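# Structure at a glance
Chain by chain, the residues:
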Number of protein chains: 2
Amino acid sequence: MEKSPEKNLVQLSLSEEIFQKLREAIIVGEIPSGSKLSEPALAKRYGISRGPLREALSRLEACSLIERHPNIGASVVELSQQRLIEIYHIREVLEGLAARQAAYSITQPEITGLRGLLEQHKVDIRQDNGHAYFQKEGDFDFHFRIIQASKNDHLISLLCNDLYYLHRLYRYQFGMPSSSRSNAAFKEHENIVDAIENRDVELAEILMRRHIKASRLNVVKQLNSGINDKIISYTKKATDK
Amino acid sequence: MEKSPEKNLVQLSLSEEIFQKLREAIIVGEIPSGSKLSEPALAKRYGISRGPLREALSRLEACSLIERHPNIGASVVELSQQRLIEIYHIREVLEGLAARQAAYSITQPEITGLRGLLEQHKVDIRQDNGHAYFQKEGDFDFHFRIIQASKNDHLISLLCNDLYYLHRLYRYQFGMPSSSRSNAAFKEHENIVDAIENRDVELAEILMRRHIKASRLNVVKQLNSGINDKIISYTKKATDK
DNA sequence: ATGATCAATATTGTCGACAATTTAGCGAGT
DNA sequence: ACTCGCTAAATTGTCGACAATATTGATCAT
């Protein structure tokens, strides 16, 4: 998500670099959910002192990716279905707001770009039978484009940083369904772009909220049916607690 | 907002303690918006080393209260009307969600407590001619109660931590209007509680969103009319840029 | 007077060491 | 076998020092 060309020209501090590496390691499960983080071990692994590492841990805590307790240490958050659903609800209203504000603020070049993106996605769906549709990130992501078009900097920061990585964490760990809704999701995207292009702020918000809600309900359905093996394992854990 | 009794029994780390102190100093304007933060000066002022101070700065950055640039240092964020309005929009949809979820999840004792709070507020309004209505914080705050009743932990964290302090920063610095809408706001609160008590999730959300939107429009009106001296000074700054 | 250059000073980023706290392992007692 | 107490080791929190970078002020040239 940090795709700004300017940013790439600035030398990152060690703490920022380690923050990003740890975030990625947590999201892909290299550092498993629930596991204890040892500062000396991490410092050794990345070849740095504990000072900048602690700064990075501070930031990861602020992102809700880890929990820290004084004198005890840090651990990666436990994942739960409840938290996943909570995050979906929040994303629903925030992305609804993004669509509303995009319908107000979007520029013609941005609309053109959105249309082009949808055309490309249509091709992707045909070639991969829907498999690729939820794999794109950053500038190639439909949602990312809408959020940027909202021109609400704080909202962009909320959705494209903290919540984005939390969502990625759950998607990665829970192996979210990627192909079962491709055609429906694509159609919903088209309708959302129509509403945005028509500057229909109310409809854009409603359609985006429905779109996210449909994804949530789809996830809930699979959680409840136990189709996904990964989801079963987490379901069992949640029951034990 | 950190009113949990358990939390008070845990000895705070220096970095947490300094984080809270700096946050408060920024919010009340003791450290003015836009000003440069000197690590050596702050470390001397609080009598600590720069290590935990840097951790606290890391967290303040994550809260959007300061900005940090590698090798240059940290400064308190500049306040702008645009950012204030952005934050209002975000609060509108998130507090709307909180009201919706509270209408679903609230317990009878919580409702009883809300009614008691409203009765107390009615007395406050009569005694202080509305002046006290926006001064309560924490458990005495109407919004806080609704958010807690949503039972959405992540939403509670979002609204009661980051956004809460940002909003306080703007309220403190901009000297938000406190008495011009008291009676109307109180009536809106009553209607919201009615909807929540009736488990009418849609109405609760709509009414809460309208309530926040009315506050936003009230602020915008005063920003545009230049009634408030503090707001004028910030208006002038925004124009200069 | 203005702008460029350079050196001194200050600040930021990081390191390794020390103090405080927690954890893990072992032995003794029941 | 289980529990408790103790000690050593590990970890966490903080400190002060050093290296790298940025800022400031003085001097010189135009």
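In short, a report on the structure. The residue numbering used here restarts from 1 in each chain and proceeds along that chain's sequence as written. Lettering of chains starts at A and numbering of ligands starts at 1, both following the order in which they are written. Confidence filtering applies because this is a predicted model: local features only for residues at pLDDT of at least 70, side-chain atom pairs given and counted only at 80 or more, and all residues used for totals across whole chains, interfaces and linings. Note that the side-chain values use all heavy atoms of the structure and ignore hydrogens as well as water.

## So, helix α3 (residues 39-46) of chain A
Residue and element names in this part refer to chain A. Quick reminder of the rule: The rule is simple: take the accessible area with a 1.4 Å probe, protein chains only, and divide by the maximum for that residue type; under 20% is buried, over 50% is exposed, in between is partly exposed. Helix and strand definitions here come from DSSP, where helices need a minimum of 4 consecutive H or I residues and strands a minimum of 2 consecutive E residues; each element is numbered from the N-terminal end. To be clear, the arc concerns the directions from the helix axis to the C-beta atoms. Contact definition: two residues touch when any of their heavy atoms are within 4.5 Å. Polar contact is defined as a pair of N or O atoms within 3.5 Å, subject to the rule that within protein one atom must be able to donate a hydrogen and the other to accept it, and that residues adjacent in sequence are counted only when both atoms are side-chain atoms.
Those residues of α3 lying buried are Glu39, Leu42, Ala43 and Tyr46. Viewed end-on, α3 has its buried residues packed into an arc of 100°, placing them on one side of the element. Turned more than 90 degrees away from the buried face of α3 sit Pro40 and Lys44, all of them exposed. Residues of α3 that are buried in the fold lie against α2 (14-27), β1 (36-37), α4 (50-62) and β2 (66-69). Of the residues that open α3, the one with a side-chain oxygen 3.1 Å from the backbone nitrogen of Ala41 is Ser38. Taken from the residues just after α3, Gly47 is the one with a positive phi, measuring 70°.

## A short note on the protein's contact with DNA strand D
Quick note on the threshold: Being near a molecule or strand, for a residue, comes down to having at least one heavy atom within 4 Å of it. Residues are grouped as follows: Ala, Val, Leu, Ile, Met, Phe, Trp, Tyr, Cys and Pro are nonpolar; Asp, Glu, Lys and Arg are charged; all remaining types, including Gly, are polar.
As a structural note, the neighbourhood of DNA strand D is formed by 18 residues, with A:Arg50, A:Arg54, A:Asn71, B:Leu14 and B:Ser49 the closest of them. By atom count, sugar and phosphate contribute 71% of the portion of DNA strand D lying within 4 Å of the protein. In this structure, a phosphate oxygen belonging to DNA strand D sits 3.1 Å away from a main-chain N or O atom of A:Glu39. One of the backbone N or O atoms of A:Asn71 is found 2.9 Å from a phosphate oxygen in DNA strand D. If you list the elements that add at least two residues to the surface near DNA strand D, you get α3 and α4 of chain A together with α2 (14-27) and α4 (50-62) of chain B. A class-by-class count of the residues in the surface near DNA strand D yields seven nonpolar, seven polar and four charged.

## Some thoughts on the protein's contact with DNA strand C
A:Leu14, A:Ser49, B:Arg50, B:Arg54 and B:Asn71 are the nearest of the 18 residues found near DNA strand C. Taking B:Glu39, its main chain carries an N or O atom lying 3.1 Å from a phosphate oxygen of DNA strand C. In the model, a phosphate oxygen of DNA strand C is placed 2.6 Å from a nitrogen or oxygen of the B:Arg54 side chain. Contributing elements (two or more residues each) for the surface near DNA strand C: α2 and α4 of chain A together with α3 (39-46) and α4 of chain B. Classifying every residue of the surface near DNA strand C gives seven nonpolar, seven polar and four charged.

## Thoughts on the pattern of salt bridges
Two side chains that carry opposite charge are able to pair once their charged atoms sit near each other. Rule in force here: A side-chain nitrogen of Lys or Arg and a carboxyl oxygen of Asp or Glu constitute a salt bridge if their distance falls within 4 Å.
Applying the stated criterion across every chain yields a total of 40 salt bridges over all chains. A:Arg209 is the partner of A:Glu92 in a salt bridge, and the nearest nitrogen-oxygen pair spans 3.4 Å. Of this pair, A:Glu92 sits in helix α5 (residues 81-105) while A:Arg209 sits in helix α10 (residues 201-225), and the two are 117 residues apart along the sequence. No difference in accessibility class separates A:Glu92 from A:Arg209, as the two residues are buried. Note that A:Glu202 is salt-bridged to A:Arg100, the shortest N-O span being 3.0 Å. In this pair, A:Glu202 is assigned in helix α10 and A:Arg100 in helix α5, connecting sequence segments 102 residues apart. Within the structure, one salt-bridge network assembled from shared partners comprises A:Glu92, A:Arg209, A:Arg216, B:Arg100, B:Glu202 and B:Glu205.

## Focus on the sheet that holds strand β3 (residues 73-76) of chain A
All names here are of chain A. To keep things clear, this is the line we draw: Pairs of strands are assigned from DSSP output, requiring at least two bridges between the strands. With axes taken as lines fitted to C-alpha atoms, and helix axes fitted only over the stretch in contact, angles between N-to-C directions fall between 0 and 180 degrees.
Read from one edge to the other, the open sheet built from three strands follows the order β1-β3-β2, with strand pairing classed as antiparallel. Edge strands, defined here as strands with exactly one partner in the open sheet, are β1 and β2. As paired strands, β2 and β3 are joined by four bridges and run antiparallel to one another. Along β3, the bridge assignment pairs His69 with Gly73. Of the strands in this sheet, β1 and β2 are in contact with α4, which crosses β2 at around 115°.

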